[in-house]
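Here's the letter readout for the chains.
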Amino acid sequence: MTAVFPAVKRPVSRASNWELLKNRRELRGAVLKIHLRVGDRFVRKIPAFRLKTSATITALVAAACLVALPAHVATASSPSSAWTMASVPSPTGHWHAVDHVGGLWIALGYGAHVAISRDGSTWAEHPAPAGSWQTVVYGNGRFVALSSVGAGAHEMMSTNGVSWTALDGPAGAWTSITFGAGRFEAVSSIGQIITSTDAVHWTPTWVHSKFHFTSIAYGNGRFIAVDNAQGDVLISLNGISWSFYPITTAGQHWSAVTFGDGNFVAVDNSQSGVVATSVLGYVWTTHRHSPAQKIAGMAYGCNSFVAAGPEQGSTSNLFSSSTGASWHGAATPAAAASDWTAVAYGAFRFVAVASDGRIASTHLSANCASTTPLAPQDVSGNLPTGGQVWTYMHPPLSAGGAPVDGYRVTITNGTLTRQCHAAVYYQPNCIISGLTDHQVYQVTTQAHNRFGYSVPSDPQFVIPVGSRSLSAVTATPVVMNSAPTVVQVTGVVANGQGIYPQSWVSVHFGGQRFSCQPSPFGECLIRVSAARIGPTSVSATYTGYGRSYSSPISHVTVAAVTLSSSNVAAKHALIVTVRGAVAASIAHANFGAKNFQRHLDGNGSGSIQVSSPTIPAKYFLTVQDDGVSLDKLAVFVHG
């Protein structure tokens, strides 16, 4: 089994760079050597096409010095802190959907009525076609609701939210509907996705019964649907063609997704407390909220996300977050059995509805214009020298409630995290140093205004290296076959606009061939599963902008380590076998009071005699090959 990861996107075209250069042909591809003294180090070899004016050079100095930005300004209290029960209709309905349009609140559910409110507190009921209405949305001048069961009316429509008409509509267990880019999109619990421009004529675009879709949202020029069965997310840029990606681990029960503050937020309904955020939907960052509460519905408005779920004892059942990452909640003044199913925002108010007919709302007194920027559109860059990454940001589509006054770049490998700040100017950038070559880092960037930082851009991987030439290597010369072998391809060359080749890079791993498209840093990561034991050659080739490139051939040794038994008696021999290694040895670690190293024989085998250890106890053996750790073996010693 092989895979290319992670999904990478083609960098945003730097047309402004091309306009700068097209009348300066003598500069294209040149390197302007400018030595800038910053503390006790120099910034060297700034590519000419990255420089525009002397102001840019000044900004580079500021970026290298890690310019501090203003601190985040708190702008609002939590909307979940003051929920009140509404005057619900009588008899109450089993509410499963709520929406706000043009000063009108609408609640739908299982039955033959809708609830209408002008203020979110006082409600009145009106007759409607009978059905299991679990979805409602407004678009193209009409309210549209779809049924969650196949019997009875499948669809109903209204132009004013009060008078509704039943339609034949599409049959399906519809769980969510949204409107964006002139299209209605709906998903079902039996793996259906349909689309329509008028909500009368529907076209199926996806049917796979293994999916259990629970929610769909539109934002950033794309539709995103989440799945309760496979733990996947489906993405469509046009509402017709779909691709799916895993958010985290398989089987995560995603119950709701919404768009706000420039990113998508998905929540889980398995009481795991998992929340996932993403700007574009291809790469997701997971977070946790506490207490771990089931979530059924979510909405965004006035700089806040609000999620609702069933009340569980003293556990909060309404949560809020300013970014979708960190959450806090408050209980509502309702019976513990209330099952909150949906939430919506409108007119400075959040309204939540429950299946037992209860309706709760909270009014916001915050200044909704005090918004942070959207995330920068892209993060890309190059590798000026070993241990460094030079990043570039593209300004966000919206500056928010105040002008953007700076950017922050964060790079991490899970252990080491570094940040760099850049001022606002032509192509803001900064250099992050002190990194380790051939380690894989994740890079995100944020825009800042006086109200605070944007959400981070989606992570991009980058691998610092000491050479700019094309290379295809593994991080260590010897790897274990117990995990996929990861090949790092670095040094792919971009054109004068900073665009990497559209043609794919070919990676040759022994007799196998893989393909990848370069990341915004001109790199690829290839995972090779079940690689052949022993030495293997590795290389990469590609053609870009009229030239062909080939990397030098490198070699990797794939080794296998086996232990005869992990449960042995004292004074018995431990037999360790290594296959494929070049010069493996068995390095002993914390095995009783003894410390020793044992070399393997010519057949790659070796044994250790266990004598007088403390028993019973668990010990570890670390198998190494020329200093490279191959495997860590757990051994239980008994009497």
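Residues numbered from 1 in each chain as written. Predicted model: local features only at pLDDT ≥ 70, side-chain atom pairs only at ≥ 80, totals over all residues. Heavy atoms only, no water.

A few words on the nonpolar core. Soluble globular proteins: nonpolar side chains tend toward being buried together. Among the nonpolar cores identified, the biggest contains 23 residues, and Val 561, Val 576, Val 578 and Leu 630 are the most heavily contacted of them. Counting residues per element, the ones that place at least two in this core are β42 (478-480), β49 (554-563), β51 (573-579), β52 (584-589), β55 (617-625) and β56 (628-638). Here this core takes 5 residues from β56, the largest share from any one element. Aside from chain neighbours lying at most four places away, what touches Val 561 is Met 480, Val 576, Thr 577, Val 578, Val 623, Leu 630, Asp 631 and Leu 633. (Core = buried A, V, L, I, M, F, W, Y, C linked by side-chain atoms within 4.5 Å. Buried < 20%, exposed > 50% of the residue type's maximum accessible area, 1.4 Å probe, protein only. Helix = DSSP H or I, 4+ residues; strand = E, 2+ residues; numbered from the N terminus. Contact = heavy atoms within 4.5 Å.)

Here the structure, examined in full by the defined rule, presents 15 aromatic pairs. On the numbers, 6.2 Å between centres and 80° between planes, the contact of Trp 206 with Phe 244 is edge-to-face. Pair noted here: Trp 206 is in strand β17 (residues 203-207) and Phe 244 is in strand β21 (residues 243-246), with a separation of 38 residues, a long-range link. A relative accessible area of 11% places Trp 206 in the buried class. Exposure remark for Phe 244: the relative accessible area of 41% places this residue in the partly exposed category. (Phe/Tyr/Trp six-rings, centres within 6.5 Å; stacked < 30°, edge-to-face > 60°.)

Per the counting criterion, the structure on display carries 2 disulfides. One disulfide bridge connects Cys 302 with Cys 368, the sulfur atoms lying 1.9 Å from each other. The disulfide joining Cys 302 to Cys 368 has a torsion of about -95° about its S-S bond and is therefore left-handed. Residue Cys 302 is found in the loop between β26 (297-301) and β27 (304-308), and its partner Cys 368 is found in the loop between β32 (359-363) and β33 (378-382); the two are separated by 66 residues along the sequence. Disulfide pairing is shown between Cys 516 and Cys 524; the S-S distance is 2.2 Å. Because the torsion about its S-S bond is 95°, the bridge between Cys 516 and Cys 524 counts as right-handed. (Disulfide = S-S within 2.5 Å.)

Scanning the model with the defined rule gives 1 salt bridge in all. Note that Arg 358 and Asp 356 form a salt bridge whose closest N and O atoms lie 3.2 Å from each other. By relative accessible area, which is 30% here, Arg 358 ends up partly exposed. You can call Asp 356 partly exposed: its relative accessible area is 30%. (Salt bridge = Lys/Arg side-chain N within 4 Å of Asp/Glu carboxyl O.)

To continue, consider the sheet that holds strand β25 (residues 285-288). Spatially, the 4 strands line up as an open sheet ordered β22-β23-β24-β25, and their pairing is antiparallel. This sheet does not close on itself; its edge strands, each paired only once, are β22 (254-260) and β25. Pairwise comparison of adjacent strand axes, ignoring direction, gives a mean angle of 25° for this sheet. Pairing between β22 and strand β23 (residues 263-268): 6 bridges, direction antiparallel. Following the sheet pairing, Ala 256 is matched in β23 by Val 267. (Pairing = 2+ DSSP bridges. Axes fitted to C-alpha atoms, helices over the stretch in contact; angles between N-to-C directions.)

Note that Leu 630 resides in strand β56. Distance in space between the C-alpha atoms of Leu 630 and Ala 584 is 8.9 Å, their sequence separation being 46 residues. Sequence-distant contacts of Leu 630, that is, excluding residues within four places in its chain, are made with Val 478, Met 480, Ala 559, Val 561, Val 578, Ala 581, Val 623, Gln 624 and Asp 625.

As a further point, take the confidence of the model for the protein chain. When pLDDT is averaged along the protein chain, the result is 82; 82% of the residues meet or exceed 70. Low pLDDT, under 50, characterises residues 1-77; the predicted model gives this stretch 146 contacts beyond four residues in sequence or across chains. (pLDDT = per-residue confidence, 0-100.)

So, on to the pairing of β26. Taken across its 5 residues, β26 has 4 buried, putting it largely inside the fold. Pairing analysis gives 5 bridges linking β26 to β27, with the strands arranged antiparallel. If you follow Ala 299 over to β27, its bridge partner there is Val 306. Counting the residues between successive antiparallel strands, the hairpin from β26 to β27 contains 2 residues, one of them, Cys 302, with a positive phi of roughly 50°.

Attention shifts here to unusual backbone geometry. The phi angle at Gln 427 is positive, at roughly 45°, despite the residue not being glycine. Of note, His 438 is a non-glycine position whose phi angle comes to about 65°, a positive value. With respect to the secondary-structure elements, His 438 resides in the loop between β37 (429-432) and β38 (441-449).

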